[in-house]
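Listed below, chain by chain, are the residues.
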Amino acid sequence: MSTQTAQTITLGANGPTVAALCIGTWAWGDKLFWSYGRDYDAAQLQEAFKAALDAGVNFFDTAEIYGFGESEKLLGQFMQQASQPVQIATKYMPLPWRFSGDAIANTLTESLKRLQVSSIPLYQVHMPFDFFMSKKTLMEALAAEVKRGRIGAIGVSNYSASQMREAHQLLAAQGVPLAVNQMPYSLLGRQIETNGVMDAARELGVTILAYSPLAQGLLTGKYTPENHTTPTGARRIDPRFSRDELEKIAPLINLLKRIGEKRDRTPAQVALNWLIAQGNVIPIAGAKNAEQARQNAGALGWSLDENEIAELDQITRSYR
């Protein structure tokens, strides 16, 4: 099983040891869902990158599809100027025209070029999609890249408990462990606790990377029924941002604020710390500027007590 010491976690059974918090870079270079180039630019992203490193968070999650390669390119550029080691996770998207094992090697080569590195600590499959390529072909091709030294560890994303078990079994046959399953997980999205994913992860020694750990910002306390306006970007299609839904989550936001005030932390830092407290879980929090990166890092270096964890658990049980 993974160990957690001094705010680091080992991915899977014997993968790389990374910070207990990860910076998500979906919005880096993305104009489709986020307003990159309009509301924020590369200079602000570089400041976010530096602020994260200064705060001790050197683990970044990207994907070839974020900004159609732009997110990886920006990270590659920023890493060239960093004076300390940076750990990157990226993702392979199983698209319909990629139906041979060679597609993985070629796609990985392109990601490594954009990132300007020769190997990557964690390479993940973005989503389950084995209509054109069997899981066996996919996992064998990924295992070959571990043996080749271009990948440190293998992860999956959005895999159900049974899909995870199958991937784990296929990799084990190649002598390679499955390190990670990246899933949506937050106080407002606790389904992995009841649908078998968390149980399977614990049993197999797989680390959960929790994306949307702040439920697209709902857990920051920034969105309230009183100041309700129609959100922009990816949030505009999320029904949870309606006034009615905001009223429903108000008691949780008030609890996050109360715990935060007592500890001189923000609601977001409390929500991220709750995820870390679940054990073998790393939240992936997005940051588009230095202040957001510093805010995220404030989730580290302290722990909620048992009573606070129990209170947060109780008030969010309906989201399981």
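Relevant structure appears above.
I will try to describe carefully the structure that is included in this document. (Residues numbered from 1 in each chain as written. Predicted model: local features only at pLDDT ≥ 70, side-chain atom pairs only at ≥ 80, totals over all residues. Heavy atoms only, no water.)

## Some thoughts on the environment of Thr-224
Consideration 1: By secondary structure assignment, the location of Thr-224 is in the loop between strand E10 (207-211) and helix H7 (243-263).
Consideration 2: By relative accessible area, Thr-224 is classed as buried at 15%.
Consideration 3: With 22 residues separating them in the primary sequence, Thr-224 and Leu-246 have C-alpha atoms 5.9 Å apart. (Helix = DSSP H or I, 4+ residues; strand = E, 2+ residues; numbered from the N terminus. Buried < 20%, exposed > 50% of the residue type's maximum accessible area, 1.4 Å probe, protein only.)

## Let's talk about the nonpolar core
Consideration 1: One finds Trp-28, Phe-60, Leu-219 and Leu-312 to be the most contacted residues of the largest nonpolar core, which totals 105 residues.
Consideration 2: Excluding anything up to four places from it in sequence, Trp-28 contacts Ile-23, Leu-45, Ala-48, Phe-49, Phe-60, Tyr-66, Glu-70, Ser-71, Leu-74, Leu-75, Phe-78 and Ala-287. (Core = buried A, V, L, I, M, F, W, Y, C linked by side-chain atoms within 4.5 Å. Contact = heavy atoms within 4.5 Å.)

## Focus: the environment of Trp-274
Consideration 1: Along the chain, Trp-274 turns up in helix H8 (residues 267-277).
Consideration 2: A residue is classified by how much of its surface remains accessible, and Trp-274, at 0% relative accessible area, is buried.
Consideration 3: Once you skip the residues sitting within four places of it in the chain, Trp-274 turns out to touch Tyr-185, Ser-186, Leu-187, Arg-190, Glu-193, Leu-304, Ile-309, Leu-312 and Asp-313.

## So, the sheet that holds strand E5 (residues 59-61)
Consideration 1: Spatially, the 8 strands close up into a barrel ordered E4-E5-E6-E7-E8-E9-E10-E11, and their pairing is parallel. Strand-to-strand twist of the sheet, defined as the mean angle between neighbouring strand axes without regard to direction, takes the value 30 degrees.
Consideration 2: The pairing of strand E6 (residues 87-92) with strand E7 (residues 120-125) spans 4 bridges and is parallel. Paired with Tyr-92 across the strands is Val-125, a residue of E7.
Consideration 3: Along the sheet face, H8 touches E10 and strand E11 (281-286) and points at about 155 degrees away from the line of E11. (Pairing = 2+ DSSP bridges. Axes fitted to C-alpha atoms, helices over the stretch in contact; angles between N-to-C directions.)

## Quick look at the pairing of strand E9 (residues 178-184)
Consideration 1: In terms of residue burial, E9 counts as a mostly covered element, since 6 of its 7 residues are buried.
Consideration 2: Where strand E8 (residues 151-157) lies against E9, 4 bridges are found, and the strand directions are parallel. Following the sheet pairing, Ile-154 is matched in E9 by Leu-178.
Consideration 3: Traced from E8 through helix H5 (residues 161-172) to E9, the parallel crossover comes out right-handed.
Consideration 4: Two strands pair when backbone bridges link them, and E9 and E10 are joined in this way by 5 bridges, in the parallel orientation. Among the inter-strand pairings, Pro-184 is bridged to a residue of E10, identified as Tyr-211.
Consideration 5: Each parallel crossover has a hand, and for E9 linked through helix H6 (residues 197-204) to E10 it is right-handed. (Right-handed = clockwise from strand over helix to strand, strands pointing away.)

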